[in-house]
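Below, each chain spelled out in residue letters.
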2 protein chains.
Amino acid sequence: MIAAMVTAYPVVLTHRRPKPPCRSVVCVGLGAMGEGIARLLRERGAYRIVAAVDPNPHPGVEDVLVHDGVKLVSSISEVPAQRADVCVICTESGIDRVLPTIHWALERRMNVITTAEEGLPYPWTAYRGEAEALDELARRNRVTVLSTGINPGFAMDVLPILLTAACRRVRRIDVHRANDLSSFGASVMRSFGIGLPPDEFDDAVRAGTVVGHTGFVESISMIAAATGLEVDEIRRELSPIIATNARVAPHATAPPGTVAGCNDVAEGLRAGEVVIRLEHPQQIDPAAEDVRTVDRICVDGDPSLTVVIEPEIPGGAGTIAVIANMIPALIDAPAGLATMDRLRLPAGVFA
Amino acid sequence: MIAAMVTAYPVVLTHRRPKPPCRSVVCVGLGAMGEGIARLLRERGAYRIVAAVDPNPHPGVEDVLVHDGVKLVSSISEVPAQRADVCVICTESGIDRVLPTIHWALERRMNVITTAEEGLPYPWTAYRGEAEALDELARRNRVTVLSTGINPGFAMDVLPILLTAACRRVRRIDVHRANDLSSFGASVMRSFGIGLPPDEFDDAVRAGTVVGHTGFVESISMIAAATGLEVDEIRRELSPIIATNARVAPHATAPPGTVAGCNDVAEGLRAGEVVIRLEHPQQIDPAAEDVRTVDRICVDGDPSLTVVIEPEIPGGAGTIAVIANMIPALIDAPAGLATMDRLRLPAGVFA
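Since we're looking at a predicted model, the values are computed, not measured.

Participant: Would you mind going over the overall build of chain A with me for this structure?
Facilitator: Along its length, chain A carries nine helices and 17 strands. Computed over C-alpha atoms, the radius of gyration of chain A comes to 22 Å, within 12% of the 20 Å expected from 2.2 N^0.38 for 351 residues, which places it in the range of a compact globule. Counting only C-alpha atoms and orienting by the principal axes, one finds that chain A spans roughly 65 × 55 × 50 Å. For chain A, with 351 residues in total, the buried portion stands at 59%. Pairs at least 24 residues apart make up 70% of the contacts formed inside chain A by residues separated by at least 6 positions. About 13700 Å² of surface is accessible on chain A, with carbon and sulfur atoms providing 50% of the total. Taken together, the 33 basic and 43 acidic charged side chains of chain A have centroids lying 9 Å from each other.

Right, dumping it as structure tokens:
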């Protein structure tokens, strides 16, 4: 018989936190992400949705809002001139297309959190002019603006950055994120070229209709700035994943020989040497060819670390969670343009 | 032939950070951790060690310091009355034994970072009185105090907290950290009872000579506070790992049938149900019985996440790195008692 020592700690855990104040929220964009965030905020009880904007809401979206008696309007110009604590913007990926909505919210002194992937998650290098203007506008209105989500915002930047804190030295960071695109809608299927014959893939990339992942420059820039692993060049290679077996998803199919997804690689180099490599194959129905979906991070350093998350952190649910969970840190942050690496440790908020 | 699209981003990455200011450091305690931290800070160039304290320095420690012409003294009372930016304290684990040194440093207006495991990494629940006094003293002197390391401070608290940011809901968190004690010294061997016959293990635990891991209450309290997964009870079970094959390490051996380490489990419960479970087997020579060393984190939630780091994040190198890497965040933080969950995202500092 093996000895065992059981200790009941003489610990009185009286740290029950004060109930957080109820925050008012304006939701702009009620697609899959925007609706998911609105539902989660409502569930948590600490948020009150005071206005919602979507020009083409799908049926059922009103359910998210009706308990507050909030009317869904089709444009921000119809939102009553009422301040709110936070504006959640889930409309466009492109920085030029989302900036007018962000400006509108900042000028109304609302803190802004957005899923917009291009530039905003770490704009200080590739979009420095926009970053400075946004920072200035947010400071003038004494509010904070943040773009985040699972990727960019977590899986390929925040998580590897955190791991480097356990390293005395780092030579290189490799991140591999293989995920399943099946659950996404028709516009995502088009932007990955799902079902195209291989010879049409290049044309579609050149035409800008197939774009693959948005967020590599943002993630590499954030890692470089947070850790000092600076890069002077970013390279990217986007290639098609060709189906061997038939692939099937709700909004697209890929017969054998056609495009089932994109293998997307970006490298950050310093003096010609790769110091950060992000590899992000995304495809429909990966199980049809026994492709494992996984997040894998390898930090080559002292010590070296290998982290495997299998299956991968799901993109949709994860983005909804990250946005909702970052709102308290956003509200507490100093005024200006925030990035994930400078805010307090991200954490789920389940109180 | 598969099509491929290579893009060289038109990105000018001019975000070369300004060289950080050189910080002055007082090092108190130059054992394995203290010496490793001093060496790393010297290597990084952005630190100047202005005083060092150790009553029993081992040969070679002077090498760490001699370049600065700093004299090693045996007690803090011999340190010149000179302010420094940071005081690194690596002396004792116990809160009562380390507090006088922390008070000394805070009263001299030095920011303090320490490896002391007991209480300080998250003292707001189990050591509330000490926490409030320390916070007050640090604020009055306009400096910040932080206790951290790999565990507590990273592997079993900060990392699981970060993962919950990707979850809409969390029911329970399980962390398993199996590590190799072989590299530690004689005092660690004694505190885990290495080589004891099983019937002496219970007596040694009762006598307080075998203590196992220090940090469970701290990690559970930090997770609970950061995420709102509150607990009203913490239970702990410490049992011996009995060697089947002979185990050998530099400072101890465990013949078959004797104690090769401790299996150490702590559970945080709410209304009788486990919501946080930390399992931490630590032993010498795990390879002798094909025991895998690993960090494994399972978040049961929406989504659920399983993270595996194999081999485990090494305790010694990792603690040295975390302490050195947190100094810039410590200096930038508001005055008072800091905890890892409230500081900015930890990151390696390799500029």
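After presenting the structure, the write-up continues.
Participant: How should I be thinking about the packing of helix 1 (residues 32-44) of chain A against helix 9 (residues 315-332) of chain A in this particular structure?
Facilitator: Two packed helices can be described by the angle between their axes and the distance between those axes. Residue and element names in this part refer to chain A. The geometry of helix 1 relative to helix 9 is characterised by a closest axis approach of 9 Å and an angle of 50° between their N-to-C directions. If you check the angle between helix 1 and helix 9, you find them oblique. Note on packing geometry: the crossing formed by helix 1 with helix 9 is right-handed. Taken together, the residues of helix 9 that come into contact with helix 1 (itself represented by Ala 32, Met 33, Gly 36, Ile 37, Leu 40, Leu 41 and Arg 44) are Gly 316, Thr 319, Ile 320, Ala 321, Ile 323, Ala 324, Asn 325 and Ile 327. Per-class residue counts for the contact of helix 1 with helix 9 are 10 nonpolar, four polar and one charged.

Participant: How do you make sense of the interface of chain B and chain A when you look at a structure like this?
Facilitator: Each partner contributes residues to the interface: chain B has 88 residues there, and chain A has 88 residues. Here chain B meets chain A over a buried area of about 7400 Å², counting both sides, of which 62% is carbon and sulfur. For the pair chain B and chain A, the number of links is two salt bridges. A class-by-class count of the residues in the side of chain B that touches chain A yields 56 nonpolar, 12 polar and 20 charged. In this sheet, strand 16 (residues 305-309) of chain B lies alongside strand 16 (residues 305-309) of chain A in antiparallel orientation, the contact comprising three bridges. Across the sheet, the residue bridging to A:Val307 is B:Ile309, located in strand 16 of chain B.

Participant: Would you explain the packing of helix 3 (residues 95-107) of chain A against helix 4 (residues 128-140) of chain A in this entry?
Facilitator: All names here are of chain A. Between helix 3 and helix 4, the shortest axis-to-axis distance is 10 Å and the interhelical angle comes to 15°. Between helix 3 and helix 4, the angle falls in the class roughly parallel. For the crossing formed where helix 3 meets helix 4, the hand is left-handed. Packed against helix 3, whose contacting residues are Ile 95, Leu 99, Ile 102, His 103, Leu 106 and Glu 107, the element helix 4 presents Glu 130, Leu 134, Leu 137 and Ala 138 at the interface. Here the contact of helix 3 with helix 4 is composed, by residue class, of seven nonpolar, one polar and two charged.

Participant: Any chance you could explain the nonpolar core here in plain terms?
Facilitator: One recurring pattern in soluble globular proteins is that nonpolar side chains are buried together. Core analysis: the largest hydrophobic core is formed by 203 residues, its most contacted members being A:Val88, A:Ile102, A:Phe154, B:Val88, B:Ile102 and B:Phe154. Leaving out residues up to four positions away in the same chain, A:Ile102 has contacts with A:Ile89, A:Val112, A:Thr114, A:Leu120, A:Leu134 and A:Val145.

Participant: Can you help me understand the sheet that holds strand 17 (residues 336-337) of chain A in this one?
Facilitator: Note on sheets: strands pair through backbone hydrogen bonds, and any given pair is parallel or antiparallel. Residues and elements named next belong to chain A. Pairing within the open sheet is parallel, and its seven strands lie in the order 4-3-2-5-6-7-17. On the outer flanks of this sheet lie strand 4 (72-73) and strand 17, each paired with one strand and no other. Seen against the sheet, helix 1 touches strand 2 (23-28), strand 3 (47-53) and strand 5 (86-89) and runs at an angle of roughly 155° to strand 3.

Participant: Looking at this structure, I do not really get helix 7 (residues 198-207) of chain A. What am I missing?
Facilitator: Along an α-helix, residues three or four positions apart point the same way, because every turn accommodates 3.6 residues. Residues and elements named next belong to chain A. Considered for burial, the residues of helix 7 that qualify are Phe 201, Asp 202, Ala 204 and Val 205. Looking straight down helix 7, one finds that the buried residues subtend no more than 165° of arc, so they occupy a single side. In helix 7, the exposed residues that point more than 90 degrees away from the buried face are Asp 199, Arg 206 and Ala 207.

Participant: What is the right way to look at the pairing of strand 7 (residues 144-147) of chain B in this model?
Facilitator: Put simply, side chains in a regular strand alternate between the two faces of the sheet. All names here are of chain B. Burial along strand 7 is two-sided: Thr 144 and Leu 146 and Val 145 and Ser 147, pointing in opposite directions, are all buried. Where strand 7 meets strand 17 (residues 336-337), two bridges bridge the pair, whose relative direction is parallel. Pairing of Val 145 across the sheet is with Leu 337, part of strand 17.

The rules we used
- Residues numbered from 1 in each chain as written.
- Chains lettered and ligands numbered in written order.
- Predicted model: local features only at pLDDT ≥ 70, side-chain atom pairs only at ≥ 80, totals over all residues.
- Heavy atoms only, no water.
- Helix = DSSP H or I, 4+ residues; strand = E, 2+ residues; numbered from the N terminus.
- Rg over C-alpha atoms; globule rule 2.2 N^0.38 Å.
- Buried < 20%, exposed > 50% of the residue type's maximum accessible area, 1.4 Å probe, protein only.
- Contact = heavy atoms within 4.5 Å.
- Areas by Shrake-Rupley, 256 points an atom, 1.4 Å probe, with all protein chains shown as cover.
- Lys, Arg positive; Asp, Glu negative; His and termini not counted.
- Charge placed at Lys NZ, Arg CZ, Asp CG, Glu CD.
- Axes fitted to C-alpha atoms, helices over the stretch in contact; angles between N-to-C directions.
- Parallel < 35°, antiparallel > 145°, perpendicular 65-115°, else oblique.
- Left-handed = near helix turned anticlockwise from the far one by under 90°.
- Nonpolar A, V, L, I, M, F, W, Y, C, P; charged D, E, K, R; others polar.
- Buried area = accessible area lost by both parts, 1.4 Å probe.
- Salt bridge = Lys/Arg side-chain N within 4 Å of Asp/Glu carboxyl O.
- Pairing = 2+ DSSP bridges.
- Core = buried A, V, L, I, M, F, W, Y, C linked by side-chain atoms within 4.5 Å.
- Arc of directions from axis to C-beta.

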